[in-house]
Amino acid sequence: MTTQTILPVDAQKLGELSQSSGEPGWLKDSRLKALELAAELALPKLEKTRIDRWNINNYGEYKASQAFTSLSEAPASITALIKDQEEGSLIIQRNSGAVYARLAPELAAQGVIFTDLQTAVREHGDLVQRYLHKAVLPEEHSIAALHAALWNGGVFLYVPKNVIIETPLQAVLLTDDAEAAFVPHILIVADTNSSLTYVDNYVSDKSEAGLHNGAVEVFVGAGATVRYATVHQLGQDTTDVTYRRAVVENDGTIEWIIGEMNYGDTASDTKSVLKGNGSSSDAKVIAVGTGSQKLSYTTQAQHFGRNTPSDMITRAVMRDSATSIINGITKIEKGATRADGQQTEKVLMLSPKARGDANPILLIDEDDVTAGHAASVGQVNYEQVYYLMSRGITRHDAETLIIYGFLAPVVSQIPLEGLRNQLQSLVERKLGQ
């Protein structure tokens, strides 16, 4: 049965909003076309998940936010995330738009562009138009189409050829008004032989139901390296639906580091398209589910180029009555000789009511390749608990050590110390340690 898509806005109002915001004609046309598509397309099909029963229609309305004159005006909910950022490169989005943006002068001098996407449309329109909605396609399903029609705020990062950025660029995206639309779009372009690290945090501070419909597009040029780290810590009243895509050219590298620490229903799909020869992808995902959360995590690698390695590791801990579906999909296309696709999905359940499904999928249309997968779902090994207790460790501490040991193979590989510490703290908070 196909569920009718509920449009949160009509074409006339959307067109008026685009025009009043000073958007160019091509973007207005793009939004209206996407809105028309949304009315025709079905919802995405998620494995064993009835997303039509989720809170996926509460978009709210576009509301402009007051810009910060300094970081001291930031709300307490994000102060810990932006400390020591007075001199760094930082963007803050609050609800429907950016309220703070700073690019380090030395990066600006090298031609780096780091601003909110709505500003980039006005100031770098040709560059944005070349890439916007080229990786996450509006025609994929109704949620992608609605995102293309309604996106606001967001981030645009462009790194020119041969520019190497050593210090991470950071963004914080906050939703704290239940009536305001929160539909950010992240667009990153790394030109030939460039290198960058980008880190963002999604945070909510409200007690009424809301929706985050987000999209991330990353374009990795030949020989470029992009490290994309993201932590989602939205509250239980916020539904989070996020689609991430990276397109990687010859000898380019994309590294995903994803912390799924939400308290509400979550669906995320992260995909690397290894388009060029010698391109590579490395994805690390950790997730903790609590309460009655319903979670769907998909990680994908699609190999087109020759000699393309991909690796995906997902580790999830489920407690209370949380349920999760974890998919790993490796697709090796015809002609992608000597591709190497590896994936591992593991779920640890801490409660008899918790549920986790791990689904490794290999789709191979080429003979001269290497591919492998591993998947496991299980509870805490109580022989290990009793062994630790026999050494004088309490049951609570023994279970905690086992949980951290389960997550350690992913967390320990995260090359950013600050992010490692943040994820450790979030894991402790979610597990009530």
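Here the structure is a predicted model, which is why all the values come from computation and not from measurement.

### A word on the environment of Ser21
Summarising the element assignment, Ser21 is placed in the loop between α1 (11-20) and α2 (25-40). Relative accessible area serves as the criterion here: at 27%, Ser21 is assigned to the partly exposed category. Linking Ser21 and Gln118, residues 97 residues apart in sequence, is a C-alpha distance of 9.1 Å. Among the polar contacts listed, one links the side chain of Ser21 to the backbone oxygen of Leu17, at a separation of 2.9 Å.

### Quick look at the packing of aromatic side chains
Scanning the model with the defined rule gives three aromatic pairs in all. Considering the side-chain rings of Tyr198 and Tyr228, the 5.0 Å spacing of their centres and the 45° angle between planes classify their relative orientation as tilted. Taken as a pair, Tyr198 in strand β7 (residues 195-204) and Tyr228 in strand β9 (residues 225-233) lie far apart in primary sequence, 30 residues in all. An identical accessibility class is assigned to Tyr198 and Tyr228; each is buried. Considering the side-chain rings of Tyr228 and Trp256, the 5.4 Å spacing of their centres and the 55° angle between planes classify their relative orientation as tilted.

### Side note on the pattern of salt bridges
Applying the stated rule across the entire model yields 19 salt bridges. Residue Lys13 pairs with Glu61 through a salt bridge whose shortest N-O separation is 3.8 Å. Separated by 48 residues along the polypeptide, Lys13 in helix α1 and Glu61 in the loop between α2 and α3 (76-82) bring together distant segments of the chain. Of the residues examined, Glu61 reaches a relative accessible area of 48% and is grouped as partly exposed. Here Arg245 makes a salt bridge to Asp269, at a shortest N to O gap of 3.1 Å. Of the two residues, Arg245 sits in strand β10 (residues 238-248) while Asp269 sits in strand β12 (residues 266-274), which places them 24 residues apart along the sequence. A single burial state applies to Arg245 and to Asp269, both of which are buried.

### Let's talk about the UniProt feature "domain: SUF system FeS cluster assembly SufBD core" (unreviewed entry) in the protein
Within this structure's numbering, the places UniProt gives as "domain: SUF system FeS cluster assembly SufBD core" (unreviewed entry) are residues 176-406. End C-alpha to end C-alpha, residues 176-406 measures 33 Å, and it is 9% helix and 58% strand.

### Some thoughts on the sheet that holds strand β13 (residues 280-289)
With mixed pairing, the ten strands of this open sheet are ordered in space as β2-β1-β5-β7-β9-β11-β13-β15-β17-β19. Looking at strand neighbours, the two that pair on one side only are β2 (97-102) and β19 (370-379), the edges of this open sheet. Strand-to-strand twist in this sheet, taken as the mean axis angle between neighbours without regard to direction, amounts to 10°. Sheet topology places strand β5 (residues 169-175) next to β7; seven bridges connect them, and they run parallel. In the strand pairing of β7, Gln170 is matched with Val199. Contacting β13, β15 (309-318) and β17 (340-349), helix α9 (residues 395-411) runs over the sheet at an angle of about 155° to β15. On top of the sheet, helix α10 (residues 417-430) reaches β7, β9, β11 (253-260) and β13; it is set at about 25° to β9, its chief contact.

### Considerations on the nonpolar core
One broad rule of soluble globular proteins: the nonpolar side chains tend to lie buried together. With 43 residues, the main nonpolar core has Ile51, Leu117, Val128, Phe156 and Leu187 as its most contacted residues. Broken down by secondary-structure element, the contributors of at least two residues to this core are α2, α5 (117-123), α6 (125-131), α7 (142-150), β4 (155-159), β6 (185-190), β8 (210-220) and β10. The element that contributes the greatest number of residues to this core is α7, accounting for six residues. The contacts of Leu187, once residues within four sequence positions are left out, are Leu117, Val128, Tyr131, Leu132, Val155, Phe156, Leu157, Glu217 and Phe219. Counting 37 residues, the second-largest nonpolar core is a separate cluster that includes Ala104, Tyr228, Val248 and Ile258.

### Concerning α1
Within α1 the residues assigned to the buried category are Leu14, Gly15 and Ser18. Burial along α1 is one-sided: seen end-on, the buried residues are contained in an arc of 100°. The outward face of α1, more than 90 degrees from its buried face, is lined by the exposed residues Gln12 and Ser20. The inward-facing, buried residues of α1 contact α2 and α7. Its side-chain oxygen 3.3 Å from the backbone nitrogen of Gln12, Asp10 forms the N-cap of α1. Trailing α1 by a residue or two, Gly22 shows a phi angle of about 75°, which is positive.

### Comments concerning the environment of Ala64
Inspection of the secondary structure assignment puts Ala64 in the loop between α2 and α3. Linking Ala64 and Asp365, residues 301 residues apart in sequence, is a C-alpha distance of 49 Å.

### Thoughts on a nonpolar patch on the surface
A surface patch of nonpolar side chains, amounting to about 290 Å² of accessible area, comprises Tyr382, Tyr386 and Met389. Structurally, Tyr386 can be placed in helix α8 (residues 382-390).

About the cut-offs
- Residues numbered from 1 in each chain as written.
- Predicted model: local features only at pLDDT ≥ 70, side-chain atom pairs only at ≥ 80, totals over all residues.
- Heavy atoms only, no water.
- Helix = DSSP H or I, 4+ residues; strand = E, 2+ residues; numbered from the N terminus.
- Buried < 20%, exposed > 50% of the residue type's maximum accessible area, 1.4 Å probe, protein only.
- Polar contact = N/O pair within 3.5 Å; in protein donor to acceptor, adjacent residues only side chain to side chain.
- Phe/Tyr/Trp six-rings, centres within 6.5 Å; stacked < 30°, edge-to-face > 60°.
- Salt bridge = Lys/Arg side-chain N within 4 Å of Asp/Glu carboxyl O.
- UniProt positions renumbered as here; feature names shortened; annotations may be inferred.
- Pairing = 2+ DSSP bridges.
- Axes fitted to C-alpha atoms, helices over the stretch in contact; angles between N-to-C directions.
- Contact = heavy atoms within 4.5 Å.
- Core = buried A, V, L, I, M, F, W, Y, C linked by side-chain atoms within 4.5 Å.
- Arc of directions from axis to C-beta.
- Patch = residues over 30% accessible without salt bridge, like charges linked within 9 Å, V, L, I, M, F, W, Y side chains within 5 Å.
- Areas by Shrake-Rupley, 256 points an atom, 1.4 Å probe, with all protein chains shown as cover.

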